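# Structural overview for review
If you want the building blocks of each chain, they are given just below.
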Amino acid sequence: MKRLMTMTTAIAGLAAMTSTSSAQEITVMSFGGAYGASQMEAYYKPYMAETGVKIISVDADNPAIPIKAQVEAGNVTLDVVDLEPSDVLRLCDEGALELLPLDELPDGDDGTPAREDFVDGTLYDCAVGTIVYSTLIAYRADLTEPVTSSADFFDLDNFPGKRGMRKSAKFALELALMADGVAPGDVYDTLSTPEGVDRAFETLDKIKDQVVWWEAGAQAPQLLADGEVVMTTGYNGRFFDAMIEENQPFTLFWPHQILDFNLFAIPKGAPHKDEAWEFIKYATDTTRLASQATFISYGPARRSSAAKVGLYKDGETEIAPFLPTYPDYVDASLTTSIEFWADHDIELNERFNTWLAN
């Protein structure tokens, strides 16, 4: 009997250890690089130190792809995934993401309820926003005149030289319309009409022969640094890194920047769903979102975080003026419409590719 009790106790202890072990780690998939490093410093390390929960960080070019495959196979190994809004909408509609109890998100440090504190477009039934980034114009002031309007990007007479643009209809068409006088708030209504699409392509026609098309985010600042282009569109974080880390002579033009987001979600059937949600609540509070801006020039998804943003990790650079969410920039910004692109992405990119080929 004593031996049986000892064995039973040992088995129970082993079961408890196994249960505790499984509950004491979560796997988070994100995009890696400098962005992943900022998440490690702002979210993962503090959370592990405060809770004892181990975070296994996994990188992917696009975390949406393995999520869909794992859910369809019924073999989900990921607990938290970092997604773009278009993937959130699609995967949520397909039932590949868990619905989240958003009312459990903590209020902002200033007392603002969470649903009011998050920037518009960063809360979804299946995801919670973390960062705000933008596509904007950067130029070489030593190679061209100062840019004072997005129309200057399309003005080869007064601003001669090559341009850099992402090889995609998205961002190119919106910028073209704003440069042609369409207010940011009217861009998607205009682009929803055949006349509006024609108007955007007519603006792009002005510089077509002078465009160097890029596809990877790192290419835009490299084109500008090498002097292959005098101005280019690109991601604000990429330009900032080149300016601060490499001392590149770039100037950023913030009006008519196009805002986009990244969000945390939980795959359907995640092995540690409850622990994953606790992590997301922690990572998206006021303090943690403000902390990420210390390590990368992306704006926090909460309004209450703005007051807590301080110096960049170099201890010298005031980071706030390099964030897309800086108050001086917001009114002249366009927030990308994931609903619009979900409906029109295929047709507009087909026309874009045909336009490129002709």
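Along every chain, residues carry numbers that run from 1 in the direction the sequence is written. Given that the model is predicted, a residue must reach a pLDDT of at least 70 before its local features are reported, and side-chain atom pairs must reach 80 or more before they are shown or counted; all residues, however, enter totals for whole chains, interfaces and linings. For side-chain calculations, the full set of non-hydrogen atoms in the structure is used, while hydrogens and water are omitted.

### Looking at the state of the cysteines
In this description, the term disulfide denotes a pair of cysteine sulfurs within 2.5 Å. Overall, the coordinates contain 1 disulfide when judged by the stated rule. A disulfide bridge connects Cys 92 with Cys 126, and the sulfur atoms are separated by 2.0 Å. On the sign convention where negative means left-handed, the S-S torsion of about 50° between Cys 92 and Cys 126 marks this disulfide as right-handed. Of this pair, Cys 92 sits in helix H4 (residues 85–93) while Cys 126 sits in the loop between strand S4 (123–124) and strand S5 (127–140); the two residues are 34 residues apart in sequence, bridging distant segments of the chain. For every residue, the accessible area obtained with a 1.4 Å probe (protein chains only) is divided by the maximum for its type, and the residue is called buried under 20%, exposed over 50%, and partly exposed between those limits. Since its relative accessible area comes to 1%, Cys 126 is described here as buried. In DSSP terms, a helix is any run of H or I states spanning at least four residues, a strand is any run of E spanning at least two, and both are numbered starting from the N terminus.

### Some points on the pairing of strand S6 (residues 163–166)
By definition, two strands form a pair when at least two bridges between them are found by DSSP. Summarising the sheet, S6 and strand S7 (residues 211–214) pair through 4 bridges and their orientation is parallel. Its bridge partner being in S7, Met 165 is matched across the sheet by Trp 213. Inspection of the sheet shows S6 paired to strand S8 (residues 231–235) by 2 bridges, in the parallel sense. Bridge pairing in S8 places Gly 164 opposite Thr 232.

### Some words on the confidence of the model for the protein
Known as pLDDT, the predictor's per-residue confidence is scaled from 0 to 100. In the predicted model, the protein carries a mean pLDDT of 92, and 94% of its residues have values of at least 70. Residues are treated as being in contact if the distance between any of their heavy atoms lies within 4.5 Å. Note on residues 1–22: pLDDT is under 50 here. Beyond four places in sequence and across chains, it has 1 contact.

### So, the environment of Glu 228
Mapped onto the secondary structure, Glu 228 falls in the loop between helix H9 (219–225) and S8. For Glu 228, a relative accessible area of 44% corresponds to the partly exposed category. With 65 residues separating them along the chain, Glu 228 and Arg 163 place their C-alpha atoms 8.4 Å apart. Discounting chain neighbours no more than four positions away, the residues touching Glu 228 are Lys 162 and Leu 223.

### Thoughts on the environment of Glu 98
Along the chain, Glu 98 turns up in the loop between H4 and helix H5 (114–117). In the structure, Glu 98 is positioned 169 residues away from Pro 267 in sequence and 5.9 Å away in space, judged by C-alpha atoms. If we skip the residues at most four places from it in the chain, Glu 98 touches Asp 125, Cys 126, Ile 266, Pro 267, Lys 268, Gly 269, Ala 270 and Lys 273. Of note is the side chain of Glu 98, whose polar atom sits 3.0 Å from the backbone nitrogen of Gly 269. Distance and chemistry together define a polar contact, namely a pair of N or O atoms within 3.5 Å, with one atom able to donate a hydrogen and the other to accept it when in protein, and with adjacent residues in sequence counting only for side-chain atoms on both sides.

### Regarding the packing of helix H6 (residues 169–179) against helix H8 (residues 194–205)
Here an angle of 0 to 180 degrees is reported between the N-to-C directions of two axes, which are lines fitted to C-alpha atoms, with helices fitted over the stretch in contact. With their axes 8 Å apart at the nearest point, H6 and H8 run at an angle of 85° to one another. Between H6 and H8, the angle falls in the class roughly perpendicular. On H8, the residues touching Ala 172, Leu 173, Ala 176 and Leu 177 of H6 are Gly 196, Arg 199, Ala 200, Phe 201, Thr 203 and Leu 204. Just so you know the grouping, Ala, Val, Leu, Ile, Met, Phe, Trp, Tyr, Cys and Pro go in nonpolar, Asp, Glu, Lys and Arg go in charged, and all remaining residues, Gly too, go in polar. Among the residues forming the contact of H6 with H8, the class breakdown is 7 nonpolar, 2 polar and 1 charged. Note that the term roughly parallel is reserved for angles under 35 degrees, roughly antiparallel for angles over 145, roughly perpendicular for angles of 65 to 115, and oblique for everything else.

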